[in-house]
Amino acid sequence: MDVLINVFVALHIIGIASLLGGFLTQMKAMGAGTARFSPAMLHGALTMLITGIALVGLNEADDQTVNNLKVGIKLAILVVILGLVYVKRDEEKVDKGLFAAVGGLTMANIFVATLWV
């Protein structure tokens, strides 16, 4: 069971890397006002959602404790990110504030995951 959990953790990290990487590669474009949400950002967020749900289920099945408040906050942040990226995915340009909000929420999700014990 530990190997399976670790595989899903790795996939979860790949998802966050895709989301954050997509944001970071558009930083220069954001300054110019031409940033857009890349498909990698949407796919990364979806990967995080699917693997996160699987991780909660696997940890519960393995009789490990799951901090439901932490998971709920991470899920709420991710749902907002997914909603913004999904709705604006086809637009040629995304507002700077909206694009920055997705980056900030992504960073917040990372900090909740790593700093909340």
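All values reported here derive from a predicted model rather than from experimental measurement.

In this structure, the largest pocket encloses a volume near 730 Å³. Along its surface, the largest pocket is lined by 24 residues, and H12, G52, L55, K74 and A113 are the ones closest to its centre. Listing elements by their share of the lining of the largest pocket, those giving two or more residues are helix 1 (2-25), helix 3 (39-61), helix 4 (68-87) and helix 5 (96-115). The leading source of residues in the lining of the largest pocket is helix 3, at seven residues.

Turning next to the packing of helix 4 against helix 5. For the pair helix 4 and helix 5, the least separation of the axes is 10 Å and the interaxial angle reads 160 degrees. Of the possible angle classes, the one that applies to helix 4 and helix 5 is roughly antiparallel. The two elements helix 4 and helix 5 meet at a crossing, and its hand is left-handed. On the side of helix 4, the interface is formed by K70, I73, K74, I77, L78, V80, I81, L84 and V85, while helix 5 contributes L98, V102, L105, T106, A108, N109, V112 and A113.

A side chain of one charge can pair with a side chain of the opposite charge when the charged atoms of the two come close. For the structure on display, the rule yields two salt bridges. A salt bridge links E92 to R36, with the nearest nitrogen and oxygen atoms 3.7 Å apart. Taken together, the residues E92 in the loop between helix 4 and helix 5 and R36 in the loop between helix 2 (27-32) and helix 3 connect sequence positions 56 residues apart. The exposed category is assigned to E92, whose relative accessible area is 58%. The residue E91 makes a salt bridge to K88 at a minimum N-O spacing of 3.4 Å.

Scoring rules and cut-offs
- Residues numbered from 1 in each chain as written.
- Predicted model: local features only at pLDDT ≥ 70, side-chain atom pairs only at ≥ 80, totals over all residues.
- Heavy atoms only, no water.
- 1 Å grid on protein atoms, 1.4 Å probe; cavity = no way out; pocket = protein on both sides within 12 Å on 5 of 7 lines; lining within 4 Å.
- Points joined across faces, edges and corners; volume = space filled by probe spheres on them.
- Helix = DSSP H or I, 4+ residues; strand = E, 2+ residues; numbered from the N terminus.
- Axes fitted to C-alpha atoms, helices over the stretch in contact; angles between N-to-C directions.
- Parallel < 35°, antiparallel > 145°, perpendicular 65-115°, else oblique.
- Left-handed = near helix turned anticlockwise from the far one by under 90°.
- Contact = heavy atoms within 4.5 Å.
- Salt bridge = Lys/Arg side-chain N within 4 Å of Asp/Glu carboxyl O.
- Buried < 20%, exposed > 50% of the residue type's maximum accessible area, 1.4 Å probe, protein only.

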